[in-house]
Each structure stands twice: as C-alpha cells, then as structure tokens.
Amino acid sequence: MNQRMMTRQRLIPTMLLLTACQGVWAQQGYTRTHERMLVEARDLFAGEQWADAAKVYKRLQPVDTAFAEVSFELATCLANMPGQRDKALPLFESAMRHGHVEATYQMANMRHAQQRFDEAEAIYRNYRAMQGRSVEDAEVDRRIGMAATARALTAAPVDVRITNMGRMVNSEAHDYCPLVTADGNTLYFTSRRQGSTGGMRDPSGQYYEDIYVAKRVDEIWSNATGVGAPLNTNVQDATVGLDAEGSRMIIYRTGRDLVSGDLLESTRHMGQWQPPQPMTERINSPAHEPSATLSPDGQDIYFTSDREGGFGGRDLYRIRRLPNGEWSKALNLGPAINTPYDEDAPFMHSDGTTLFFSSNGHNTMGGYDIFKSTLLDADMNGWSAPENLGYPLNTVNDDIYFCLSEDGQTGYFSSERPGGLGGQDIYQIVFPTSQTEHLLVRGVVTDAGEEPVKARITLMDTDNDEIVGIYNTNERTGRYVMIVAPHARYAMTVEAPGFETKQSELSTSAVRAGEQEIPLDITLTRNENTAKVGQP
C-alpha cells in the first residue's frame, strides 16, 4: 500500500511461496509454451512484481483449473494488489480444495478479514495440524489469539462517531498519514493519486507519494491540493509529523533509488515552506526510519526504526535535546511499548505525556491497530501498558497514522474499510470524552497595546515546589498552550525581556465536569530596565 509500510509482513514470505511442487511440468494441457510462461510468471513473482505476474498467471489458470500452485500464486498476487483482494478468495479456495497446504492458512486469513472469526479460528487449527506447512506454531497461535481478540472487541464497540473525510480530501488511490494543526483548520496528508509531481508510478502501478493540503472554513473542508515544491519532488514525499502551530513539518523522502529514504524537516517562514533539511543522524541511519513525532516543547522526538538492537521488526525510539544543544543517543522505548513485531506511526499529544501509535503486535484485531500509552516517568523511560482503542476505530485491516486534537476529542486516522473511496482513506473520529487525562490552558500573551509578546511561562506545583512545565509563546502571534492536571494549584511566572515579571496562581479546581480547556489571556507591563534580560 504506502511506501513507508511496504516492508510489513506479507501474506507468506516469497521464497516460501515458490517451494517447487512435484510434477509441475506434467500438468494437464500444458505445452512447452505454457511451461515457459510459468517460468516467466514465477520470476516476476519472486521479484514481487505482482501486477505483471498476475497477467501471466491469468492466462495459465484456465488451462488447468486443478493446478493448485498456479491458483495459489495468482491469488497471492491479487491479494497484494490494491483493490484486488476480494478476487483472491475463490482462487485460494480452489487451491485449498486441491490440496495446497498454504492455501489453508490464507483461507483462514481471508475469513478473519471478513470478520468470520469462528471460521477463521477453526481453519487456523486445521492448518496447525497439517504436515509440511511453512508457518511456525507460534505465529499460527498468535493468529488464533488475534481472532479471539477481534471477536471480543467487535462484541463490545466503543461509543465514537467515525466519518469518511469525503471526496474533497480522499481519492480512489491511497490517502493516509493526516496531520492537523492545533486550531483544526489545516490538514496535511499523503496521497498516491493521479497528478503527483513527476507523474511516475512504482512497480505496483501506484503513483509516487506526494503531500497534499486541505483547509477548513466554516466547518467545510476545501478541495485538497498538492503543496508543491519544495516539499514535493520527483521522488516519494510523505507527511510524517507537524508541530501544533503548523510551522515545523517532518517529511519522509526516498533517495533516487526509491528504496532508501530519510526523515527531513521543513520550517514555514512568511507563509512559505522552506527546503527540507535532513534530520539528525541520531535518527537517520542505514536502517529504515519512516515515522516521527515532535513533543510539544520540541525537546523530544519520538521515531520509528528497524535498526539493530531492537525487540524485533520496527520499534519506537526517543531522542532528547541536551543542555549543550546536541541531540542525545536514541533510546528504545522498551518492552512495554515495543514487541517482536512492528510498532509505527507515533503521535505524541500536546499534553506531552500521551503517546498514540500503531502496532501489529500487542492485542491487535488484525494488521495495525491504534494504541495509547502514558509516559509515567520520563527519566526512567516508564510507560503504562498500551491500551487498544477498540472497535470500530480499530478493525481487522490496517488502522494507522492517528493524530488527536488538543482537547482530546477529535482525531484523524487512515484506514481501508468498506464504503471508502478506494485504498486507504482518511477518517475523522469524535470521542464522547477526552482521550487524555489533562486540561488545556490556552491564550495569548500581549502588551498593553495588544501586541503579541514572546514570553516564557513557568508552572510550579505548589504542593512540592517542583517545576512541571516551561512553555514559550509563539514569537509571531503570542499564543501558547499549556497542559495542566485537573483539581490542582500552580504558581505561574511569565517572563519576557523588556517587561515586568508577572506572578500569579493558577487553579484548575473550579473547572466544570466535561470542560477540557481554560482560556487565559495575559497582559504584560513594559519595563525598559529589563529590556536586556536574556540578551547576549
């Protein structure tokens, strides 16, 4: 599907699929021409050129419909091609009827995808008892457990409202990885639709990835358009991360070989995105780093990598800005977050403690599911046990690239599900209550003339005299957002060069149930005697 998920686990490893069967050349009705076609098809198959291989297999399949290997290999091609999975089902069924062992495993996967979990579990158990199978016991047992999890979660759906973003945003191609600004009015995302920069296609027939943007005015989304240069180029360019103000964006860009790739960062200046620059080598490595997210203060970056030394597959890591301005070494988030499988698409909420990510490990329903975990101890890398966000947000397909609004109630994510426009679509989800356990304090710091001020706000817990947060206002707008706990008291200090320091108490005890936000504008008084404070 998309460039950054292309290395995920396939139906069955290609080399296992090509295990030779006995008597291949003695198939009923096969001529030397058919034998040469079969060699050609399998060469293409081995190179994972699914569309080209399928064209040859389709010419061979009617020659001998009992030839289980051809039916199975054609079905595998279709299952790996966008929008063709349903056509694979009868071919897997035919191969299974004619004794193909691995077709049994694929039929179980297909029944799971159809949400026929009891049938899927029964077929998995039949496959586990077969001799000469390719999939190990542990993976079959994991699939059986996955069916049980999916059955339990679909039987207890969570109370949410999910809406397809519609044709103004989505297309018939894959659309994914939504990034939304703090005000909820600008959406960046990745698309493989026709009209991409350069107009090139990959071996699967999909257009290269490009970055698109849509604007919301009076609750109506505009027609999405490509962002153009310098974010889009003639190679693969994809959205990865965005700060709350929409002024810093992380993108993923492949090399000219379209295989290797790195994370780059662009800043927005005077309304224009600047040429993206490679991120630190603490993140980019010879391994694959497809996803990243910024902490709200910009001092931490969480990212995905399949580098050596992890727990298996893709893991989530963190780097932190050191006092000398350098970045720390990458820290693996540990076994509470990472599994022997794949963790990807991290999103750190603006509260600075709630991490959302996708995983095809943990207690997934199938494919990637969306989970959340809370940072319990930043210094000790302590995380709460990941929580599956439940059905119908999560399904048996890949549900990934989740992001959440500051109030914790409106999210966006990517998924391929019935009723979509084609491939992965972008969906909006509205929760009845906040998905975080914190309150937002939002406002503007200005002078007496209502001009924005670049200020630093320090919050201290009055119970233990510990600093709980340091926040900087936006230099251009004076806006700020702080994360606080309910039923708490803080000592708040606001400082800016050229202004009197302002100290006050902030209490969250009077916030009514259901409220998630405290508006608080701050006016500073000028004092020219402090104008040089903080200047070199």
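Throughout this description, residue numbers start from 1 for each chain and increase along the sequence as written. The predicted nature of this model means local features are confined to residues of pLDDT at least 70 and side-chain atom pairs, given and counted, to a pLDDT of 80 or more, with totals for whole chains, interfaces and linings taken over all residues. Values shown for side chains rest on all heavy atoms present in the structure; no hydrogens or waters enter the calculation.

Caption draft 1: Geometry of the overall build of the protein chain. On a plain count of helices and strands, the protein chain comes out with eight helices and 31 strands. Atoms counted for the radius of gyration: C-alpha only. Globule rule: 2.2 Å times residue count to the power 0.38. A compact globule built from 536 residues would reach a C-alpha radius of gyration of about 24 Å, and the protein chain, at 26 Å, matches this within 12%. With respect to the principal axes defined by its C-alpha atoms, the protein chain has extents near 95 × 45 × 45 Å. Each residue is assigned to one of three classes by its accessible area relative to the maximum for its type, calculated with a 1.4 Å probe on protein chains only: buried under 20%, partly exposed between the two thresholds, exposed over 50%. Considering the protein chain as a whole, with its 536 residues, one finds that 52% of them fall into the buried category. Only heavy atoms matter for contacts: two residues are in contact if any of them lie within 4.5 Å across the pair. Here the analysis covers contacts within the protein chain between residues at least 6 apart in sequence; of these, 53% occur between residues at least 24 apart. For helices the rule is a DSSP run of H or I covering at least 4 residues; for strands it is a run of E covering at least 2, with both sets numbered from the N terminus onward.

Caption draft 2: Spotlight on the pairing of strand 4 (residues 210-217). Most of strand 4 is tucked away: six of the eight residues are buried. As judged from the six bridges shared by strand 3 (residues 186-191) and strand 4, these two strands associate in the antiparallel manner. Its bridge partner being in strand 4, Leu187 is matched across the sheet by Ala214. Of the strand pairs in this sheet, strand 4 and strand 6 (residues 225-226) are connected by two bridges, and their pairing is antiparallel. Within strand 6, the position partnered with Val213 by the bridge is Thr225. Two strands are counted as paired when DSSP detects at least two bridges linking them. The sheet contact formed by strand 4 and strand 5 (residues 220-221) spans two bridges and is antiparallel. Of the residues in strand 5, the one forming a bridge with Val217 is Ile220.

Caption draft 3: Fine view of helix 8 (residues 137-154). Between its terminal C-alpha atoms helix 8 stretches 26 Å, which fits the 26 Å expected from 18 residues at 1.5 Å a residue. Among the residues of helix 8, those classed as buried are Glu139, Val140, Arg142, Arg143, Ile144, Met146, Ala147, Thr149 and Ala150. Contacts made by the buried residues of helix 8 are with helix 6 (101-113) and helix 7 (117-128). To estimate how far a helix should extend, the number of its residues minus one is multiplied by 1.5 Å.

Caption draft 4: Seen up close, the side chain of Glu343. Mapped onto the secondary structure, Glu343 falls in strand 16 (residues 343-348). Buried Glu343, no salt bridge; nearest opposite-charge side chain is Arg142, N-O distance 8.2 Å. Among the polar contacts made by the side chain of Glu343, one reaches the side chain of Ser359 at a distance of 2.6 Å. Apart from residues no more than four positions distant in its own chain, Glu343 is found in contact with Thr304, Arg314, Asp315, Leu316, Ile337, Asn338, Phe357, Ser358, Ser359, Gly361 and His362. Positive residues here are Lys and Arg, negative ones are Asp and Glu, while His and the chain termini are left out of the count. What makes a salt bridge here is a side-chain nitrogen of Lys or Arg within 4 Å of a carboxyl oxygen of Asp or Glu, nothing more. Residues adjacent in sequence count toward polar contacts only when both atoms are side-chain atoms; beyond that, a polar contact is any pair of N or O atoms within 3.5 Å, and within protein one must be able to donate a hydrogen and the other to accept it.

Caption draft 5: How the structure looks around the sheet that holds strand 15 (residues 331-332). If you trace the four strands from one edge of the open sheet to the other, you get 12-13-14-15, paired in antiparallel fashion. The open sheet has two free edges, formed respectively by strand 12 (292-294) and strand 15, since each of these has just one partner strand.

Caption draft 6: Structural context of the sheet that holds strand 21 (residues 399-404). Pairing within the open sheet is antiparallel, and its four strands lie in the order 1-23-22-21. The open sheet terminates on both sides in strands that have one partner only, identified here as strand 1 (161-164) and strand 21. When the angles between neighbouring strand axes are averaged without regard to direction, this sheet yields 25°. Note on method: axes are straight lines fitted to C-alpha atoms, helices fitted across the in-contact stretch only, with angles between N-to-C directions ranging 0 to 180 degrees.

Caption draft 7: Inspection of the pattern of salt bridges at higher detail. For the coordinates displayed, the defined rule picks out 27 salt bridges. Residue Asp237 pairs with Arg253 through a salt bridge whose shortest N-O separation is 2.6 Å. Note that Asp237 is positioned in strand 7 (residues 237-242) and Arg253 in strand 8 (residues 248-254), a separation of 16 residues in sequence. Of the two residues, Asp237 and Arg253, both sit in the buried class. Through salt bridges with shared partners, one network takes in Glu93, Arg111, Arg116 and Glu119.

Caption draft 8: Quick peek at the pairing of strand 26 (residues 466-472). Both strand 25 (residues 456-461) and strand 26 contribute to a ladder of six bridges, which runs antiparallel. For Met460, the partnering residue across the bridge sits in strand 26 and is Ile467. Joining the antiparallel neighbours strand 25 and strand 26 is a turn of four residues, in which Asp465 adopts a positive phi near 55°.

Caption draft 9: Broad picture of the side chain of Gln428. Position of Gln428 relative to the elements: it lies in strand 23 (residues 425-430). Among the residues examined, Gln428 registers a relative accessible area of 16% and is labelled buried. At a separation of 3.1 Å, a polar atom in the side chain of Gln428 contacts the side chain of Tyr412. Discounting chain neighbours no more than four positions away, the residues touching Gln428 are Arg161, Ile162, Thr163, Met165, Arg216, Thr410, Gly411 and Tyr412.

Caption draft 10: Summary view of the environment of Arg216. With respect to the helices, strands and loops of the structure, Arg216 is situated in strand 4. When the C-alpha positions of Arg216 and Gly184 are compared, they lie 7.8 Å apart, and in sequence the two are 32 residues distant. Apart from the residues lying within four places of it in its own chain, the contact partners of Arg216 are Asp183, Gly184, Asn185, Trp221, Tyr412 and Gln428.

Read these as geometric descriptors, not functional statements.
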